[in-house]
Each structure stands twice: as C-alpha cells, then as structure tokens.
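Structure assessment
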Number of protein chains: 2
Amino acid sequence: MLDAVRIAKALSDPVRYQILLMLARSQKECCPVPGARDQRPGLCNCEIMAELGLIQSRVSYHMKELAEAGLVTEEPRGKWKMYYINQKTLTGFTQLLKSDFNLK
Amino acid sequence: MLDAVRIAKALSDPVRYQILLMLARSQKECCPVPGARDQRPGLCNCEIMAELGLIQSRVSYHMKELAEAGLVTEEPRGKWKMYYINQKTLTGFTQLLKSDFNLK
DNA sequence: TGCATGTATCAAAAATATTTGATACAATGA
DNA sequence: TCATTGTATCAAATATTTTTGATACATGCA
C-alpha cells in the first residue's frame, strides 16, 4: 500500500486523531512516570485513558496502529510505556501530499 | 467529526488515492467529453473505470466520497460528468496538520 | 517469592466500509 | 418519441475495522 494511504488511514480515526493532538500538546509533567517528559512532550497510556475516557485495551489497540504507521514512538519506562509523537512522519506525509498533488 | 479526520478518511482508501493521483496528473484531452479540459485537468468516470479497471458503480461510490470530503468538484457536461481535483482542500488539510501538530 | 499494577494480545461481537449487480434517472440524438 | 449511453442509487453480500472482556505477560516492590 502507498505510504501516504497508510498514514491517512492512521489519521482517519477520531480517537487516534485526538490522541495525536494530546501528544502534540502534552507539556506538563506526567503523573506517574518519573522523568518521562524531561526531553520532549509525551504521554503514558493512563493519561490517555483518563483524558478520553477509554478502556485500556482500546488505547493499546490505537497506540499500536499509530506506532505501526510511524506516527508515534513507544518507549518503555519500567512498567509504564511512554508515547511520543513523530513529527517527522507527519511532515513527510504533508510533503508527499504536496508533491503528489502539486500543492503550493 | 473533525475536518481533518474527514479528509484523512477520504484519502485512506487506495482506490480513492489513485483516483486523486489521476486527477492531479490528467493533462491530455479527455476522450469523449468535448472541451472538458479546456481550463484545467480533470477526468470523467469512463477514464477512471478504464484506467483502474473498475466497474461503474464502484467509481461512482468513490467519487461521491471524494466529493463529500471536498476533495473533488463535480461538473455535469451533458450526460457525462467531469471531476476536478480540489487542491485548495488538500492544501487546507496540510495546513491544518501543520498547525495541529506544530510542524515546520 | 508473591502480590499489585500497567500493558499487550486474543477471540468474539459490533460497527463501518466497500463491492457488486440490478435498476432508476437524465441527456443525447435518430 | 424511442433507443442508446452515461451516471446515481439501492439492497445485499463481503470485507475490514473497531470495541470489548478475558487473560497473559512484564515490572516493581514488599
């Protein structure tokens, strides 16, 4: 499948889009994970569950979809897992659209 | 639903993405529709069917999806229908992604 | 080690999306 | 008008995706 289609599919679910928005906006210190956001904004599952009111396996499923599309990077921190947005993939996607469709 | 999600969903099907690519690249004179591409590149159903090997109702379905997402504009020309890509929508989409996710 | 907690995976159910063939509708031209 | 041609729509069949609850796996700590 075309790379662009793959990423569009990942972006095409409201839950996943919201999660990405959360990741892009996350700034404050993560509740339980120590030092998790020292470097860059990110979130752990628990924050996403709480914020969006989703059960754990549902979040897990969508994070996997996002990770497989290259939109987020996962990092284990002890028994937690941190997720970071992958702006490079999104930028590549917009550039691909530009060149595919002759956008200015 | 978020506007960006709506457009991502329209882009997330391989058939639709191919159709959009065809629309963006269409240059030469359209086979049956007189004067259809005087102004801008566009295609009629029959060309899409032929090029991608799809039956008519399938093309019709996907064109409707694309039109409803604002990605193509439809113009009846007699008994034919011409489709034109809507670059403005695509550009808006990339800009939305940029601002939503702080891309450079 | 054993318990508590967080995440991943699985299978089944539910929800959506896509494909198809049949048919309806609209425009053209004889 | 009627026959022809191109497109839209419909309902049914498929296929795909998403959601859920149960369970497995891994980590940290007493």
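To be clear, the structure that these remarks concern was listed above.
Given the structure is predicted, the values throughout are model-derived calculations rather than measurements.

Time to look at the overall build of chain A. In terms of regular secondary structure, chain A is built from five helices and three strands. Counting across all 104 residues of chain A, residues that qualify as buried make up 47%. In chain A, 51% of the contacts between residues at least 6 apart in sequence involve partners at least 24 apart. Summed over all atoms, the accessible surface of chain A reaches about 5,400 Å², with 49% contributed by carbon and sulfur.

This next bit is on the interface of chain A and chain B. With 28 residues of chain A in contact, the opposing surface of chain B contributes 28 residues. On the chain A side of the interface with chain B, the three residues burying the most area are Tyr17, Phe101 and Leu103 of chain A, jointly 26% of the side's total. Between chain A and chain B we count zero salt bridges in total. Where chain A meets chain B, there are four residue pairs in polar contact (both at pLDDT 80 or more). If you list the elements that add at least two residues to the side of chain A that touches chain B, you get α1 (3–11), α2 (14–25) and α5 (87–101) of chain A. Considering every element that reaches the side of chain A that touches chain B, the biggest residue donor is α5 of chain A, with nine residues.

Moving on: the protein's contact with DNA strand C. If you check the shell around DNA strand C, you find 20 residues, and the closest are Ser60 and Lys81 of chain A together with Arg58, Tyr61 and His62 of chain B. By atom count, sugar and phosphate contribute 69% of the portion of DNA strand C lying within 4 Å of the protein. Within the side chain of Gln56 of chain A, a nitrogen or oxygen atom sits 2.9 Å from a base nitrogen of DNA strand C. One nitrogen or oxygen atom from the side chain of Tyr61 of chain B is found 2.6 Å from a phosphate oxygen belonging to DNA strand C. Elements that contribute at least two residues to the surface near DNA strand C include exactly α3 (45–52), α4 (56–68) and β3 (80–85) of chain A together with α4 (56–68) of chain B.

Let us now look at the sheet that holds strand β1 (residues 43–44) of chain A. All names here are of chain A. Read across the open sheet, the three strands follow the order β1-β3-β2; overall the sheet is antiparallel. Because the sheet does not close on itself, it has two edges, and the strands there are β1 and β2 (72–77). Sheet contacts for α4: β2 and β3; angle to β2, the most-contacted strand, approximately 120°.

Take unusual backbone geometry next. At Asn102 of chain A, a residue that is not glycine, the phi angle is positive and equals roughly 55°. Relative to the assigned elements, Asn102 of chain A resides in the segment after α5.

Turning our eyes to something else, we now look at the side chain of Ser12 of chain B. By the secondary structure assignment, Ser12 of chain B is in the loop between α1 (3–11) and α2 (14–25). Not counting residues within four places of it along the chain, the set of residues in contact with Ser12 of chain B comprises Val5, Ala8, Lys9 and Ser12 of chain A.

Moving on, we get to the sheet that holds strand β2 (residues 72–77) of chain B. All names here are of chain B. Strand order across the open sheet formed by three strands is β1-β3-β2, with antiparallel pairing between neighbours. Looking along the sheet, the strands with just one partner apiece sit at the ends: β1 (43–44) and β2. Judged from the two bridges that link them, β1 and strand β3 (residues 80–85) form a sheet pairing that is antiparallel. Along β3, the bridge assignment pairs Leu43 with Tyr83.

Procedures and definitions
Residues numbered from 1 in each chain as written. Chains lettered and ligands numbered in written order. Predicted model: local features only at pLDDT ≥ 70, side-chain atom pairs only at ≥ 80, totals over all residues. Heavy atoms only, no water. Helix = DSSP H or I, 4+ residues; strand = E, 2+ residues; numbered from the N terminus. Buried < 20%, exposed > 50% of the residue type's maximum accessible area, 1.4 Å probe, protein only. Contact = heavy atoms within 4.5 Å. Areas by Shrake-Rupley, 256 points an atom, 1.4 Å probe, with all protein chains shown as cover. Buried area = accessible area lost by both parts, 1.4 Å probe. Salt bridge = Lys/Arg side-chain N within 4 Å of Asp/Glu carboxyl O. Polar contact = N/O pair within 3.5 Å; in protein donor to acceptor, adjacent residues only side chain to side chain. Near = heavy atom within 4 Å. Pairing = 2+ DSSP bridges. Axes fitted to C-alpha atoms, helices over the stretch in contact; angles between N-to-C directions.

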